Amino acid sequence: MPTPFAAKKAKILSQLSAPSTSYTDASPKGTVDAPIRSLVDEINAISSLVTTSSCSGRIAIYAEGLKPTTTSVSTTSEPDSTNQNSNNQGKGSGHWLFVSHLAIPVPSTLSSLLSSLENETPSSQPIITPPSTDHPFHPTARLVHLKFEPLILHVLCASLAAAKSLLTAAQAAGFRESGVASLPSTTSTSPDSTTMPASAPQNPVDGPTANTDGDRKSYPKRIRKPQRPVDESVMVAIRTTGLAMDAPIGMVGADGGVEMLVGEGYVAGLVGVANERFAQG
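Residues numbered from 1 in each chain as written. Predicted model: local features only at pLDDT ≥ 70, side-chain atom pairs only at ≥ 80, totals over all residues. Heavy atoms only, no water.

(A) View of the packing of helix α1 (residues 4-16) against helix α2 (residues 37-44). Between α1 and α2, whose axes approach to 12 Å, the crossing angle comes to 150°. Of the possible angle classes, the one that applies to α1 and α2 is roughly antiparallel. For the pair α1 and α2, the sense of crossing is left-handed. In contact with K9, L13 and L16 of α1, α2 contributes R37, V40 and N44. Class assignment of the residues belonging to the contact of α1 with α2 gives a composition of 3 nonpolar, 1 polar and 2 charged. (Axes fitted to C-alpha atoms, helices over the stretch in contact; angles between N-to-C directions. Helix = DSSP H or I, 4+ residues; strand = E, 2+ residues; numbered from the N terminus. Parallel < 35°, antiparallel > 145°, perpendicular 65-115°, else oblique. Left-handed = near helix turned anticlockwise from the far one by under 90°. Contact = heavy atoms within 4.5 Å. Nonpolar A, V, L, I, M, F, W, Y, C, P; charged D, E, K, R; others polar.)

(B) Main features of the sheet that holds strand β10 (residues 258-260). Read across the sheet, 6 strands follow the order β3-β2-β5-β9-β10-β4 without closing on themselves; strand pairing throughout is mixed. Taken across any chain shown, the strands that pair with only one partner, and hence form the sheet edges, are β3 (95-100) and β4 (128-129). With 5 bridges joining them, strand β2 (residues 58-63) and β3 adopt antiparallel strand pairing. Bridge assignment links Y62 to a residue of β3, and that residue is W96. Running at roughly 150° to strand β9 (residues 245-252), helix α5 (residues 264-280) makes contact with β2, β3, β5 (143-149), β9 and β10 of the sheet. (Pairing = 2+ DSSP bridges.)

This is the structure in structure tokens:
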């Protein structure tokens, strides 16, 4: 009977060998990024390791969702219509305006970046409003972030020893925030536990057997059925925050557009920094 790890690895490798149009994995994108496909194949060639999800790193622009608000206490008996439903506003869900898993040309404007062919999440392009020095944003504003997120891998290891070796290599390569994401069960069943003790009769039968205690009767122990192999696999996350970047560049306006908080040159500079970090990662 194959071990639980061997069965899981065989299933994952079978999925990886499928055409890209029909393959999906546990990553948000659902497929292996082209820049790290060779790395994934190299890891999976090791008998004690298999990748479960991956991301080669990405440049992204993210718009926050709705934030919870607090209702101020009114001194009058009349309800404030502007705050009447404020407690019903949950955190909401943000959305991606731009994602690329490759370095991109430095844009001249934010609008040209969002509409570029490099954008892997095409959507309706929001209206971009230039920054205004007269109206600073409120702390509860829904910010728009330009991010760089470095490479991350989740690797299933056949044993704790294999996980330790992988962590040592990852941290030596600069992925210092790598760590164990899940551990195996602490209970295990040895195959030897399914055999009868040596003191038991060779041909046990149901029913009492004689002993030296006179009136007392003893019963033979039943043979336990073999149990399934224990899953000793360990999940390791390979990651680093040293190259990560997150900079607010705007906020979501009342009309759903983007009101910029910085100039176009600043956005272009951030994209240049993100491109450099792709090379460093």
